[in-house]
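Residue-level structural notes
Here is how the chains run, residue by residue.
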Amino acid sequence: MFELLLTSFPVIFRYFQLKRRGEAMTVWNMRAAVFLWAILAFFLFILIFYFHPKSYSGLVPFRTVSVVAQTNGPVIELPIRNGQRVSEGDLLFRIEDHTQKAALSQAEAGLGAVSAAEAKSADALKVAEASVQESTAALKKLQVDLENAQTLFEKKVGTQDAVRKLEATVAVAEAELSAAESRVASARTDISQTIPAQRATAQAAVEAARVALDKTEVRSFTDGVITQLVMSEGSPASQLILSPAMIIIPDRPKDLPIRITAGFSQVARASIYEGMPAEIACDSNINLSFRNAVLPARVAFIQPAVAAGQIVPGGQLLEPNLRMARGSMVVFFELEHLEHQKIMLDGSGCLVQTYTNNIDGISGHIIAATGVIKAVGLRLKVWGSMISGIGLAGGEAH
């Protein structure tokens, strides 16, 4: 509309020219002026729409947290309700835990058995060491007796049988000493290696049982608001991520600015650039006073790929004819003023209008000035959205 008004001066000039001459205004007399008007309007339309692209697909994205259980069983406690605000660590629901408690008791009993085995091995080591001392003393005495018997035999006083008997006795004592030393080594191995390994296994079993018991208590990992709570006490806890028990809308990170996303035609890639000024009008901010209905913003990031072209490994070859629909170029915007983030409703739909102002020279100033037409048009669209939103134009009413 404004483009037609701005380029209508040839027709207006021709009209006054014919009026001054006293000639009638006919199609034949106006043909050149109308044709020039159409040409100028056409090029002005191209100029404005090329350098100031807009998008109707603006969106305030937000994240959600799906809550699912990590173990099976019926829900025995549900202390939260829909719309309730929760903090990190708050209990969401508790699952029946008799099996997990029994497993923990069994694991703790196994750890106690290891402690008893350790005490038993320590006693066995003391007994084995005492046996070594006793066998050593007995062996030394027998060795002395053997030496005496051999001396007497050499002096023709003792007998050969006495010597042989003592030699056999000494061999038995040496074997007993070796066995006692083996028992000492075995007891020491049990204390230094076997028992610690058994203790570590038992402690791991206790820890695993405690983890399994902790899984019966589902707690929040973030601050946010509970929504879509579908479970009740007595119902089985869902472990399917596609069928969560509830959804948490987490609070916005305080250190990250809100980014509004919008899809533009791929042709707009030549004119959209990072830092480009823009205006954003979200449906949830429209009001009669028009206050904060249109917010200033800038292009923060341009996604370096079009989603329609992504491919994943599959069992079929790629057929380009099945991907004839052109995807959008996704652009992320950040608000110029941080205080405006408080009034942004997560998930709200927005109109996004960009303005080119990075061209130098007179032509750049002219192109930038034509953005006023787009700015006025954006505000007219905002009024149209309000009229449609309240139901006067057949849209979704309150």
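Conventions adopted
Residues numbered from 1 in each chain as written. Predicted model: local features only at pLDDT ≥ 70, side-chain atom pairs only at ≥ 80, totals over all residues. Heavy atoms only, no water. Helix = DSSP H or I, 4+ residues; strand = E, 2+ residues; numbered from the N terminus. Areas by Shrake-Rupley, 256 points an atom, 1.4 Å probe, with all protein chains shown as cover. Phe/Tyr/Trp six-rings, centres within 6.5 Å; stacked < 30°, edge-to-face > 60°. Buried < 20%, exposed > 50% of the residue type's maximum accessible area, 1.4 Å probe, protein only. Lys NZ or Arg CZ within 6 Å of the ring centre and 35° of its normal. Expected span 1.5 Å × (residues − 1). Salt bridge = Lys/Arg side-chain N within 4 Å of Asp/Glu carboxyl O. Core = buried A, V, L, I, M, F, W, Y, C linked by side-chain atoms within 4.5 Å. Contact = heavy atoms within 4.5 Å. Patch = residues over 30% accessible without salt bridge, like charges linked within 9 Å, V, L, I, M, F, W, Y side chains within 5 Å. Pairing = 2+ DSSP bridges. Polar contact = N/O pair within 3.5 Å; in protein donor to acceptor, adjacent residues only side chain to side chain.

**Re the overall build of the chain**
Broken down by element type, the chain carries seven helices and 13 strands. Surface summary for the chain: the accessible area is close to 25,000 Å², and the carbon and sulfur share equals 60%.

**Digging into the packing of aromatic side chains**
As enumerated under the stated definition, the model contains six aromatic pairs in all. Centre to centre, the rings of Phe45 and Phe49 are 6.0 Å apart; their planes meet at 35 degrees, and the pair counts as tilted. Taken together, the residues Phe45 and Phe49, both in helix α3 (residues 27-51) and four residues apart, mark about one turn of the helix. A relative accessible area of 28% places Phe45 in the partly exposed class. On the basis of relative accessibility, which here comes to 40%, the residue Phe49 falls in the partly exposed class. Taking NZ or CZ as reference, Lys374 lies 3.6 Å from the ring centre of Phe49, over its face.

**Observations concerning helix α7 (residues 371-389)**
Over its 19 residues, α7 runs 27 Å from end to end, which matches the ideal 27 Å to within 8%, given 1.5 Å per residue. Every buried residue belonging to α7 is among Gly371, Ile373, Lys374, Ala375, Gly377, Leu378, Val382 and Met386, and all of these are buried. At the C-terminal side of α7, Gly391 shows a positive phi close to 100 degrees.

**Remarks on the pattern of salt bridges**
Counting across every chain of the model gives ten salt bridges. Between Asp97 and Lys101 there is a salt bridge whose closest N-O contact spans 3.8 Å. Overall, the relative accessible area of 11% leaves Asp97 in the buried class. Owing to a relative accessible area of 44%, Lys101 belongs among the partly exposed residues under this scheme. The residue Arg298 makes a salt bridge to Glu336 at a minimum N-O spacing of 2.5 Å. You can see Arg298 sitting in strand β11 (residues 295-302) and its partner Glu336 sitting in the loop between β12 (329-335) and β13 (349-354), a full 38 residues away along the chain.

**Quick notes on the nonpolar core**
Grouped together as the largest cluster of nonpolar side chains are 23 residues, with contacts concentrated most on Ile260, Phe264, Ile272, Ile280, Val331, Phe333 and Met344. Elements supplying a minimum of two residues to this core: β9 (259-264), β10 (277-282), β11, β12 and β13. Residues within four places of Phe264 in sequence aside, it is in contact with Pro53, Lys54, Ser55, Ile272, Ser328, Met329, Val331, Phe333, Val352 and Thr354. In this structure, Ile80, Val218, Ile226 and Met246 belong to the second largest nonpolar core, which totals 17 residues.

**Notes on a nonpolar patch on the surface**
Together, Phe35, Ile39, Phe42, Phe43, Ile46, Tyr50 and Val267 give the surface a local cluster of nonpolar side chains, amounting to about 720 Å² of exposed area. Following the sequence through the fold, Phe42 ends up in helix α3. The class of Phe42 is partly exposed, set by a relative accessible area of 49%.

**Some points on the sheet that holds strand β7 (residues 224-227)**
With antiparallel pairing, the four strands of this open sheet are ordered in space as β2-β8-β7-β4. The two strands at the open ends of the sheet, each matched to only one other strand, are β2 (65-67) and β4 (85-86). Taken together, the four bridges between β7 and strand β8 (residues 246-250) define a ladder with antiparallel strand orientation. Within β8, the residue paired with Val225 across the bridge is Ile249.

**So, the side chain of Arg94**
Structurally, Arg94 is set in strand β5 (residues 91-95). Polar side-chain contacts of Arg94 include one of 2.9 Å to the side chain of Glu217. In this structure Arg94 touches Pro74, Val75, Ile76, Glu77, Thr216 and Glu217, once residues within four positions along its chain are discounted.

The quantities given are spatial measurements derived from coordinates; they are silent on function.
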